[in-house]
Amino acid sequence: MTMISVAEAANLVLAQAVGFGIETIPFLSAAGRRLACDIVADRDLPPYDRVTMDGIAIRGAAFTAGKRSFVVRATIAAGDTPVQIDSDGDCIELMTGCALPAGTDTVVRYEDIEIDGGIATIVANTIKPGANVHRRGTDKHAGETVVPVNTLVDAAVISMAASVGQADLQVWKLPRVAIVSTGNELVDVQDTPGPYQIRRSNSYAIHTVLQQLSIAADMVHIPDEPSESTQRLGSLLSQYDAIILSGGVSMGRFDYVPQALTALGVQMLFHKVSQRPGKPFWFGVYPVGGKAVFAFPGNPVSAFLCLYRYFIPWLKAGTGHADTRIPVAVLAADYIFQPPLTYFLQVHLSVSEAGQLFATPVEGHGSGDFSNLVLANAFMELPAEITNFKKGDIYPVWPFKPVF
Ligand code: AMP
Ligand code: MG
């Protein structure tokens, strides 16, 4: 099979983003998820003419006609049933959050009045009729959408859900994901590696990224051994919506992953993408249940890049992220990359004083330098057909940390 381009690979992956259905969960557990339906106002917002200042309610026309002193007929607190007035000479003393009493239309702040012996006198020179009242239904009417489908549930959405009485929210379901590491040279984090062994890190990096996306993935290690690979992967395919592997997909004699997956009936959509890092990326679909299998190369930067460039867009497409635009940034220094491959340059993104996003290369020891990822915060996607990249050129970026 010939090597395909990054764009072709990304399209093939996105075409498999089928979604995982909908679930209803308590609203307070929904932060970080995407809404699967609109949140609708159960009544007008505000639900009554709401007073926005502590003070007195009067008829604005009485002030305009020259009246300055008003008899305080009642004092009400927020939540009380309002008392109405019947005369231009009356007022009601009330507090922020009260319903505006019938017969009044204007609230005058305590700062603009003096109250003595049951009489309130306005000391301000001007009063705006209708002031300090948030009229019923001016924000939303009952039945109107207050938060549209696919919105990320954040503090503002949680607040909206609470105010319209939505104790449960319908959200897009997230996939069940298994993270599989392969490689007989790998030992676990608490073990002391032999002289030619290393500790495995990919699964933990991937697990952490998924955790940030509200996915609690399971981790499995499979040795480089064909029949065990086939047996263990077969059992994972029956339990998970997606499998992310790292390692075992290159041309090495002990790279058993593609043959094990093929033997299990996983249909390969591509193997090898014209990119660096991550060229040996293998992607397939298990027809039973349409499960996606992302088999990334084991090099930690390759696996990390592939996760951001392919897995996360696939995840987003299936979980209610409507905005598929890829951000771009300005390259902050000349850069040369000769091979005819898309190059994912490690960069540090920063925002200039003029508000522009700049990408400064953090090259270190090249595309395989995992320690660099501590300093970098994004990959910049440099197209395969260009060799000399110029300072000031604009290219897509894949941030993997908050930029500001
Ligand atoms: P592979 O793709 O299996 O040929 O692995 C490529 C390189 O990545 C090798 O040097 C592996 O030791 C290394 N590698 C593979 N899996 C991991 C992992 N889970 N954590 C850290 N390094 C790994
Ligand atoms: Mg390996």
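Close to ligand 1 lie 16 residues; Glu185, Ser201, Gly248, Gly298 and Asn299 are nearest. The backbone of Ser201 places a nitrogen or oxygen atom 2.9 Å from a nitrogen atom of ligand 1. A distance of 2.8 Å separates an oxygen atom of ligand 1 from a polar backbone atom of Gly298. Contact with the protein chains covers 75% of the free accessible surface of ligand 1, which is 490 Å². Partitioned by chemical class, the residues of the shell around ligand 1 number 4 nonpolar, 10 polar and 2 charged.

Moving on, we come to the sheet that holds strand S20 (residues 282-286). Overall, mixed pairing links the 6 strands, which are arranged S16-S13-S17-S21-S20-S18 in an open sheet. Edge positions in the sheet fall to strand S16 (218-222) and strand S18 (267-271), since each of these pairs with one other strand and no more. Mean inter-strand twist for the sheet, computed between neighbouring axes without regard to direction, equals 20 degrees. Relative to strand S13 (residues 177-182), helix H4 (residues 202-212) is tilted by about 160 degrees, and along the sheet it contacts S13, S16 and strand S17 (242-246).

Turning our eyes to something else, we now look at the sheet that holds strand S9 (residues 119-122). If you walk across this open sheet you meet the 6 strands as S7-S4-S6-S5-S9-S8, and the pairing is mixed. Two strands close off the open sheet at either side, each with one partner strand: strand S7 (106-109) and strand S8 (113-116). The mean angle between the axes of side-by-side strands here comes to 35 degrees, regardless of whether they run parallel or antiparallel. Pairing between strand S5 (residues 69-76) and strand S6 (residues 90-94): 5 bridges, direction parallel.

With that settled, consider the side chain of Thr104. The topology assignment puts Thr104 in the loop between S6 and S7. Classification of Thr104 by relative accessible area gives buried; the value is 10%. Not counting chain neighbours up to four residues away, the residues in contact with Thr104 comprise Ala57, Ile58, Arg59 and Ile85.

Residues Val189, Tyr204 and Met219 make up a contiguous nonpolar surface patch of roughly 250 Å² in combined accessible area. Position of Val189 relative to the elements: it lies in the loop between strand S14 (186-187) and strand S15 (198-199).

Scanning all chains against the criterion turns up 11 salt bridges. The closest approach of N and O atoms between Glu23 and Arg33, which form a salt bridge, is 2.6 Å. A residue pair is termed long-range when its members are at least 10 positions apart, and Glu23 in strand S1 (residues 22-26) and Arg33 in the loop between S1 and strand S2 (39-40) qualify at 10 residues. Relative accessible area serves as the criterion here: at 25%, Glu23 is assigned to the partly exposed category. Measuring nitrogen to oxygen at the nearest pair gives 3.0 Å for the salt bridge that ties Asp90 to Arg73.

Turning next to unusual backbone geometry. Of the consecutive residues Leu45 and Pro46, the connecting peptide bond is found in the cis state with omega at -15 degrees. Here Arg276 and Pro277 are connected by a cis peptide whose omega angle stands at -5 degrees. Relative to the elements of secondary structure, Pro277 occurs in the loop between strand S19 (275-276) and S20. Residue Lys272 is not a glycine yet carries a positive backbone phi of 90 degrees. Lys272 sits in the partly exposed class, given a relative accessible area of 24%.

The rules behind each value
Residues numbered from 1 in each chain as written. Chains lettered and ligands numbered in written order. Predicted model: local features only at pLDDT ≥ 70, side-chain atom pairs only at ≥ 80, totals over all residues. Heavy atoms only, no water. Near = heavy atom within 4 Å. Polar contact = N/O pair within 3.5 Å; in protein donor to acceptor, adjacent residues only side chain to side chain. Areas by Shrake-Rupley, 256 points an atom, 1.4 Å probe, with all protein chains shown as cover. Nonpolar A, V, L, I, M, F, W, Y, C, P; charged D, E, K, R; others polar. Pairing = 2+ DSSP bridges. Helix = DSSP H or I, 4+ residues; strand = E, 2+ residues; numbered from the N terminus. Axes fitted to C-alpha atoms, helices over the stretch in contact; angles between N-to-C directions. Contact = heavy atoms within 4.5 Å. Buried < 20%, exposed > 50% of the residue type's maximum accessible area, 1.4 Å probe, protein only. Patch = residues over 30% accessible without salt bridge, like charges linked within 9 Å, V, L, I, M, F, W, Y side chains within 5 Å. Salt bridge = Lys/Arg side-chain N within 4 Å of Asp/Glu carboxyl O.

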